[in-house]
Amino acid sequence: MRPTGAFPATRMRRMRRDAFSRRLMQESVLTTADLIYPVFVLEGEGQVEAVPSMPGVSRVSLDRLLAVAEEALTLGVPALALFPVVGAEGKSDGAEEAWNPDGLVPRVVSALKQRFPELGVITDVALDPYTSHGQDGLIDPKDPRGYVMNDETLEALAKQALCHAQAGADVVAPSDMMDGRIGRIRSILDEHELIYTRILAYSAKYASSFYGPFRDAVGSAGNLGKGNKYTYQMDPANSDEAIREVELDIAEGADMFMVKPGMPYLDIVRRVKAELQVPTYAYQVSGEYAMLKAAALNGWLSERACALESLLAFKRAGADGILTYYALDAARWLKEGV
């Protein structure tokens, strides 16, 4: 039984009176080392395309991305997460462009690692930017249900992950939610002696309604149309299932484990960290970012204060790192002091 005090001998406000004592008892701390910056990259040179549903976020070509990467390093942000914007010419039913060694992602990875070898580069392993139907896996064209095939998709994902790793990616991040994909990817990486390529598994990725602006940003929304991803992404009602998913990814060889979305699923972050004690990450997704931005632009919230508070909440829940579109802004704010 924990000892408890009683008023007036115990006054909880006593430690809150001054800034120094508040700092001394602070349980969770947010630093720039906790931040991962997701970026959208497209073909061409000198390209900067604003994402209307994500104010402050743009799709950029490689030459512009190099400047972003340099800024991230200067601010102390340890890693970028790459998400490609693929034109119609790169989309197909079989998503073959996903493992093209001369494709957009391998070229970007190679350039980033050559210019900034100390910067962590994380690549998204999923087929939705490359499929003509916008799903994260392959579909049998003869199937009227359009059901995403699991085992056939694993082979495509393995080739995609290998392609990224051979280009120099530090971390491959399967976000597809196919059964068995971590084991298949780990196997192919080991076969090619890429034993130090880390796997960040999107282990608990929910079929959320908070992804809309992201799909606009990468150009998969139009291809997906009225389709959905309920047959492979998790039901938002489920918590125990998330623990099983993480346990399976642990067994298959993942190194880091993601919960997505973030803020509406902090209970899942807490359970994963407390029960399984593995490196745990969360994604403050596009919808979360867009809501904060919209409220701030309307003068309803203090953007800096609310963004930093939301990121601190991830740390309090147990996240070791956070993917957030606020990464660079948050890093600046943290350097300035709150």
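Residues numbered from 1 in each chain as written. Predicted model: local features only at pLDDT ≥ 70, side-chain atom pairs only at ≥ 80, totals over all residues. Heavy atoms only, no water.

**A word on the layout of surface pockets**
And step 1. Approximately 400 Å³ is the volume attributed to the largest pocket.
And step 2. Forming the boundary of the largest pocket are 16 residues, of which Arg16, Arg22, Met25, Gln26 and Glu27 lie nearest the centre.
And step 3. Here the element with the most residues in the lining of the largest pocket is helix α11 (residues 303-317); it accounts for 4 residues.
And step 4. Tallied by class, the residues present in the lining of the largest pocket amount to 6 nonpolar, 2 polar and 8 charged. (1 Å grid on protein atoms, 1.4 Å probe; cavity = no way out; pocket = protein on both sides within 12 Å on 5 of 7 lines; lining within 4 Å. Points joined across faces, edges and corners; volume = space filled by probe spheres on them. Helix = DSSP H or I, 4+ residues; strand = E, 2+ residues; numbered from the N terminus. Nonpolar A, V, L, I, M, F, W, Y, C, P; charged D, E, K, R; others polar.)

**Brief notes about helix α12 (residues 327-336)**
And step 1. For α12, the full list of buried residues reads Ala327, Leu328, Ala330, Ala331 and Trp333.
And step 2. In this structure, the buried side of α12 is in contact with β1 (35-42), α2 (62-75), α11 and β12 (321-324).
And step 3. Positioned one or two residues after α12, Gly337 has a phi angle of 90°, which is positive. (Buried < 20%, exposed > 50% of the residue type's maximum accessible area, 1.4 Å probe, protein only. Contact = heavy atoms within 4.5 Å.)

**Remarks on the pairing of strand β5 (residues 120-125)**
And step 1. Where burial is concerned, most of β5 is hidden: 6 out of the 6 residues are buried.
And step 2. Burial of β5 is two-sided: the residues Gly120, Ile122 and Asp124 facing one way and the residues Val121, Thr123 and Val125 facing the other way are all buried.
And step 3. Looking at chain direction, strand β4 (residues 79-84) and β5 are connected through 4 bridges and run parallel. Opposite Ala79, over in β5, you have Gly120 as the bridge partner.
And step 4. Handedness of the β4-helix α3 (residues 104-115)-β5 crossover: right-handed.
And step 5. As defined by bridge partners, β5 adjoins strand β8 (residues 171-174) across 4 bridges and the pair is classed as parallel. Residue pairing in the sheet places Ile122 in a bridge with Val171 of β8. (Pairing = 2+ DSSP bridges. Right-handed = clockwise from strand over helix to strand, strands pointing away.)

**Re the side chain of Gln160**
And step 1. As for its placement among the helices and strands, Gln160 is situated in helix α4 (residues 150-167).
And step 2. Judged by its relative accessible area of 0%, Gln160 is buried.
And step 3. Residues in contact with Gln160, not counting those within four places in the same chain, are Ala98, Trp99, Asp124, Val125, Ala126, Leu127 and Tyr130.

**Section: unusual backbone geometry**
With the exception of glycine, most residues fall at negative phi, and the peptide bonds are largely trans.
And step 1. The omega torsion across Phe7 and Pro8 is 15°, close enough to zero to call that bond cis.
And step 2. In this structure, Pro8 sits in the segment before α1 (19-24).
And step 3. Not every positive phi belongs to a glycine, and Ala95 is a case in point at roughly 55°.
And step 4. Tracing the backbone through its elements, the reader meets Ala95 in the loop between β4 and α3.

**Concerning empty space enclosed by the protein**
And step 1. Per the counting criterion, the structure on display carries 2 cavities of 30 Å³ or more.
And step 2. Each pocket or cavity is described by its volume, and for the largest cavity that value is around 110 Å³.
And step 3. Residue lining of the largest cavity: 13 residues in total, with Asp128, Lys205, Phe214, Lys229 and Lys260 positioned closest to the centre.
And step 4. In terms of lining, the second largest cavity is formed by Ala81, Leu82, Phe83, Ile122, Thr123, Asp124, Ala173, Leu200, Tyr202, Met258 and Leu323.
And step 5. For the lining of the second largest cavity, the secondary-structure elements that each account for two or more residues are β4, β5 and β9 (198-205).
And step 6. Class assignment of the residues belonging to the lining of the second largest cavity gives a composition of 9 nonpolar, 1 polar and 1 charged.

**Some points on the pattern of salt bridges**
And step 1. Taken as a whole, this structure holds 20 salt bridges when the rule is applied.
And step 2. Notably, a salt bridge pairs Lys113 with Asp170, separated by 2.8 Å at the nearest N-O pair. Within this pair, whereas Lys113 is found in helix α3, its partner Asp170 is found in the loop between α4 and β8, the two being separated by 57 residues in sequence. We note that Lys113, like Asp170, is buried.
And step 3. For the salt bridge of Asp176 with Arg181, the shortest nitrogen-to-oxygen distance reads 3.4 Å.
And step 4. The class for Asp176 is buried, based on a relative accessible area of 0%.
And step 5. One salt-bridge network, in which partners are shared between bridges, spans Glu71, Asp329 and Arg332. (Salt bridge = Lys/Arg side-chain N within 4 Å of Asp/Glu carboxyl O.)

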